[in-house]
Amino acid sequence: MQRYNGSTTDATLEVNENPASCASGTNTVWYWFIAPPSGFVNVSTDTTGVGGTNPLTDLGLFALPGNDCADLASLFEIDCASNFITGANLDTIPVNPGDTIYVQVSGGAGTFCVS
């Protein structure tokens with residue numbers, strides 16, 4: 001499992017960027033990965049165990065047909081999870097092996113860890 005420290009401080013929505021359906025904030029940052037051969041992924045944020053300062057993170061999992069990052073309006077939401085004080089969690093989400101998956105972390109301004 002890979003972990004990345006992140007921050008939504010000074011982050012904003014991009015032009016044509018749609019927030020995840022469960023998102024509570026407009027401070028967004030993005031990560032991406034290639035879906036594993038198993039076809040299932042787990043994605044989560046930790047806002048307390050790493051000294052995070054953002055108690056309100058939400059996760060959106062997206063696919064983008066054609067992988068054209070300039071076309072944010074075409075993002076297709078796969079799943080969404082709202083924060084429960086210590087972080088948001090998406091467990092055993094089915095995806096197409098080999099697809100590029102985009103993760104949107106949103107919420108108030110602050111720091112977090114995503115894995």
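Just so it is clear, the model here is predicted, and its values are computed rather than measured. (Residues numbered from 1 in each chain as written. Predicted model: local features only at pLDDT ≥ 70, side-chain atom pairs only at ≥ 80, totals over all residues. Heavy atoms only, no water.)

Colleague: Honestly, the sheet that holds strand S2 (residues 27-34) in this entry has me stumped. Any pointers?
Modeller: Backbone-to-backbone hydrogen bonds join strands into a sheet, with any given pair of strands oriented parallel or antiparallel. Taken together, the four strands give an open sheet; going across it, the order is S2-S7-S4-S5, and neighbouring strands pair in antiparallel fashion. Strands with a single pairing partner mark the edges of an open sheet, and in this sheet they are S2 and strand S5 (76-81). Here the average twist between neighbouring strands, direction ignored, is 25 degrees. Sheet topology places strand S4 (residues 57-63) next to strand S7 (residues 100-107); seven bridges connect them, and they run antiparallel. Its bridge partner lying in S7, Leu61 is registered against Val103. (Pairing = 2+ DSSP bridges. Helix = DSSP H or I, 4+ residues; strand = E, 2+ residues; numbered from the N terminus. Axes fitted to C-alpha atoms, helices over the stretch in contact; angles between N-to-C directions.)

Colleague: Just checking my understanding: could you explain the state of the cysteines for this structure?
Modeller: Chemically, a disulfide is nothing more than a covalent bond linking the sulfur atoms of two cysteines. Applying the stated criterion to the full structure yields one disulfide. Paired by a disulfide, Cys22 and Cys80 hold their sulfur atoms 1.8 Å apart. Its S-S torsion of approximately -85 degrees makes the covalent link between Cys22 and Cys80 left-handed. Of this pair, Cys22 sits in the loop between strand S1 (4-7) and S2 while Cys80 sits in strand S5; the two residues are 58 residues apart in sequence, bridging distant segments of the chain. Judged by relative accessible area, Cys80 falls into the buried class, the value being 16%. (Disulfide = S-S within 2.5 Å. Buried < 20%, exposed > 50% of the residue type's maximum accessible area, 1.4 Å probe, protein only.)

Interpretation note: all reported values are geometric properties and have no functional meaning in isolation.
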